[in-house]
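Here is what each chain is made of, one letter per residue.
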Amino acid sequence: MNKLNLTRRILAGVSVIAFLGSSSFVEAGQFYVGGRLKQGVSLAYDFGENGNQVGPANFIAEIKASYSPNRKWSFNADIWLRGDWYSDLGGNLVAGGIQDFTSPGFNNQFGFRLNQPATGQLTTPFGASDHQNRLLSNFNDDMLRDLSVKYRDPAGRFSVKIGKFQRGWGQSDGIRLLDVLNAQDLRERFILRDADEVRIPAWMATFDLNLERSGLSAPFEAIGLRRTKLEFVFTPEVRHSNFVINNPTPSNVASGGIFAFPFPRFFDPQSQLGLPFIGANLTEITPNKFSVKDAEYAVSFSFEAMGAEWSIKGFYGQQDLPLVVLDGANLVIGSGLNNESQAAAVVTFDRNTTIGATHAPGQYLDFIRGVGAGSPIPFFLAPAGCTDPLQGAPNCSLNFNFALDYKRRQKVVGMSFTREMGELRLGPKNVSPVIRAEFSYEFDKPFNVSRAMTPFGTIAQGTGALVLDPSVAIVNRDQWQAMFGVDYFLWVPFWKGQEKSIFVSVQFFNIHTQNSANLMQQAPYASAEVSRNQNFLTFLWNMGLDKQRLIIEGLLIRDFDNKGTAYRQRVDFNYFGDKFRPRLEWIHVSGQNEAGPLGLIKNSDIVEMSLTYQF
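Residues numbered from 1 in each chain as written. Predicted model: local features only at pLDDT ≥ 70, side-chain atom pairs only at ≥ 80, totals over all residues. Heavy atoms only, no water.

Moving on, we come to the overall build of the protein. For the protein, the helix and strand inventory stands at nine helices and 32 strands. Counting over 615 residues, the protein shows a buried share of 53%. Of the contacts formed within the protein by residues at least 6 apart in sequence, a portion of 65% connects residues at least 24 apart. Total accessible area on the protein is roughly 26,700 Å²; 57% of this is exposed by carbon and sulfur atoms. The positive charge centre, built from 58 side chains, and the negative charge centre, built from 58, are 6 Å apart in the protein. (Helix = DSSP H or I, 4+ residues; strand = E, 2+ residues; numbered from the N terminus. Buried < 20%, exposed > 50% of the residue type's maximum accessible area, 1.4 Å probe, protein only. Contact = heavy atoms within 4.5 Å. Areas by Shrake-Rupley, 256 points an atom, 1.4 Å probe, with all protein chains shown as cover. Lys, Arg positive; Asp, Glu negative; His and termini not counted. Charge placed at Lys NZ, Arg CZ, Asp CG, Glu CD.)

On to the packing of aromatic side chains, then. Under the defined criterion, the tally for this structure stands at 29 aromatic pairs. Aromatic side chains F220 and F301 sit 5.1 Å apart centroid to centroid with 45° between the ring planes, which places their arrangement in the tilted category. Here F220, found in helix α6 (residues 218-221), pairs with F301, found in strand β15 (residues 296-305); they are 81 residues apart in sequence, far enough to count as distant. Residue F220 is classed as partly exposed on the basis of its relative accessible area of 26%. (Phe/Tyr/Trp six-rings, centres within 6.5 Å; stacked < 30°, edge-to-face > 60°.)

Before going further, it helps to spend a moment on the sheet that holds strand β14 (residues 278-285). The strand order β14-β19-β17-β18 describes an open sheet built from four strands, whose pairing is mixed. Each edge of the sheet is formed by a strand with only one pairing partner; in this case those strands are β14 and β18 (345-349). Neighbour-to-neighbour, the strand axes of this sheet turn through a mean angle of 25°, independent of strand direction. Packing of helix α7 (residues 351-359) onto the sheet brings it into contact with β17 (323-333), β18 and β19 (396-405), and relative to β17 it is tilted by some 75°. (Pairing = 2+ DSSP bridges. Axes fitted to C-alpha atoms, helices over the stretch in contact; angles between N-to-C directions.)

The next thing to look at is a nonpolar patch on the surface. Judged by side-chain polarity, V41, L43, L584, W586, V607 and M609 come together as a nonpolar surface patch covering roughly 470 Å² of accessible area. Looking at the element boundaries, M609 is found in strand β32 (residues 606-614). Among the residues examined, M609 registers a relative accessible area of 37% and is labelled partly exposed. (Patch = residues over 30% accessible without salt bridge, like charges linked within 9 Å, V, L, I, M, F, W, Y side chains within 5 Å. Salt bridge = Lys/Arg side-chain N within 4 Å of Asp/Glu carboxyl O.)

Two cysteines joined by a covalent bond between their sulfur atoms form a disulfide. Scanning the entire structure with this criterion turns up one disulfide. Put simply, C386 and C396 are joined by a disulfide, and their sulfur atoms are 1.9 Å apart. Judged by the sign of its S-S torsion, about -80°, the bond between C386 and C396 is left-handed. Of the two residues, C386 is situated in the loop between α8 (364-373) and β19 and C396 in strand β19; the sequence distance between them amounts to ten residues. Residues C386 and C396 agree in their burial class; the two are buried. (Disulfide = S-S within 2.5 Å.)

Take empty space enclosed by the protein next. A full pass over the atoms with the stated rule returns eight cavities of 30 Å³ or more. Counted as a void, the largest cavity has a volume near 1,100 Å³. At the level of elements, β20 (409-420), β21 (434-448), β24 (474-490), β25 (502-513), β26 (520-522) and β28 (533-545) are the ones that each hand at least two residues to the lining of the largest cavity. For the lining of the largest cavity, the element with the highest residue contribution is β21, accounting for six residues. Classifying every residue of the lining of the largest cavity by side-chain character gives 24 nonpolar, 18 polar and seven charged. Counted as a void, the second largest cavity has a volume near 80 Å³. Considering the residues around the second largest cavity, the lining is formed by 14 residues, among which R82, D141, R199, I200 and P201 are closest to the centre. (1 Å grid on protein atoms, 1.4 Å probe; cavity = no way out; pocket = protein on both sides within 12 Å on 5 of 7 lines; lining within 4 Å. Points joined across faces, edges and corners; volume = space filled by probe spheres on them. Nonpolar A, V, L, I, M, F, W, Y, C, P; charged D, E, K, R; others polar.)

Our focus in this paragraph is the confidence of the model for the protein. Chain-level pLDDT for the protein is 91 on average; 93% of the residues reach the 70-or-more range. Here residues 1-29 is a poorly scored stretch, pLDDT under 50, and it has 33 contacts once near neighbours within four places are set aside; other chains count. (pLDDT = per-residue confidence, 0-100.)

For the rest of this paragraph, the subject is α8. Listed as buried for α8 are Y364, L365, F367, I368, R369 and G370. Close packing links the buried residues of α8 with β12 (267-268), β13 (273-274), β14 and α7. Following α8 by one or two positions, G374 adopts a phi angle in the positive range, close to 80°.

Two strands pair when backbone bridges link them, and β25 and β28 are joined in this way by ten bridges, in the antiparallel orientation. In the strand pairing of β28, N510 is matched with N535. With ten bridges joining them, β28 and strand β29 (residues 550-559) adopt antiparallel strand pairing. Across the sheet, the residue bridging to F536 is D559, located in β29. Here β28 folds back onto β29, and the loop between the two strands holds four residues, one of which, D546, carries a positive phi near 50°.

Right, let's get into unusual backbone geometry. Across residues other than glycine, the phi torsion is negative in most instances, and most of the peptide bonds are trans. The omega torsion across A523 and P524 is 10°, close enough to zero to call that bond cis. Looking at the element boundaries, P524 is found in the loop between β26 and β27 (525-529). The peptide bond linking G596 to P597 adopts the cis configuration, its omega dihedral lying at -5°. Looking at where P597 falls in the secondary structure, it is placed in the loop between β31 (580-590) and β32. Backbone geometry at F190 places phi at a positive 55°, although glycine is not the residue there. Note that F190 resides in the loop between β9 (158-165) and α5 (195-198). For M306, which is not glycine, the phi torsion reads 55° and is therefore positive.

Structure, rendered in structure tokens:
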């Protein structure tokens, strides 16, 4: 789609939304229509040696409607169109690409431009257009946020909701433990959006039962549990988290901008060398999108006891982040840059042949290690007519065919707890803190391994461990997660002009993985391994100044084990009535290369100015 047609589509959608949101349509009895139009511009200032560049220009056009003919029935609809634009003028956002076979130790990566001009001054694998996130326009998957109907029993005994919507579980900020009902959309600002904008809605049905009003609470009240409720969730539309891997491989090229995941560094820990001439074609293995067999099921039991609110939850769903499974490989004869379209021939290897070509004696890894040791062996692809890269310009390469496998069950049980500490009153206003805790236990969580035995009696490490049969490359481990948090409405001593309390929330997380040795945090990033205990801290604060017209909010996420830090600072200027909402937002991220979650977006620092029109 060219830019002119794309612009016409956006303007047409905005015109329809603006018309429907005009004042004559906004409210009519129990019928409401509203929405927003947002446009942002940003500066990306931490992209390696490229200096300050034009960053993503995010836009949103949204319209929502609700209708409640009476207290029993309600109908909701919400549609949005959104995306990220990257300027072709002066933009030079360059990320890592395939391993540079001209660099010492093959350890550098060829530069991959994320916003290549449509005229194509660069060719793959050195650049791509930013088409992945430019317009998120699939109606069901991207645009439809809510289309649901809810029935409430007049006596308050139960309610049923059916349609496409989202439902939040859990109470943690920034990092989720129990909030697993909906997958996450990580394409635009990773996890640094508001939670309701990160969750991916799904077609689902929920049934909420008030046991007290239904006359079923007596057994629970006998043991001190009050206000007992049951919640059942059935989700036949299985969604996995959305993200983009910036892939320079010409046959599978993709560019999602600076908030996409980087192309992994392919390396061999034994020789400490990069793995040149290697690309990756990615496919997906997903559950059936609408089925009973692959559907997700959840249940929650909530109650009050000992002055606190409790919930016990169970989830039987699908993994929303992938495993990496080897399918095979394509030998590209005639291109040393993995370009299958320019090849003289493309020879497809099955899985076992690919494993042999990688790990067998005298094959790819032995050749690379021989080069590193200064005693090269004959080039393993010479029988295919490929030039030894030590003797001349390389004219062959290998594209591994990997599948991102989401078709594995996620089995989670957990509990949450919230209590206002009324017996403890602090500060000049005698405000009680609120303590919160959340626990989850996941059975048989699958991981790619970073070290495994090959069929040839050798040890595969790093990227090489991905090039094995799934029965060897993937293992299951139990994992438990815990969060303890404190919320407090702060009144600062000696600040006589303070208009309103400052909300602060501090949370500490521990993620414990049993038998964690030699597990990849998130394949295909083989350089980052799972810690036995991974610790995070989050800190959220919000305050209003100048009669609550200047709203300042900050969110800090700290990954202690991987030395990762993310900070999001927002300043809202509510000086222009109820319609216009200017916002200044700063996002800073740092971390170790490929160490998740924050190291995957370590160069995504931006300063963004946006204007939202609400109607």
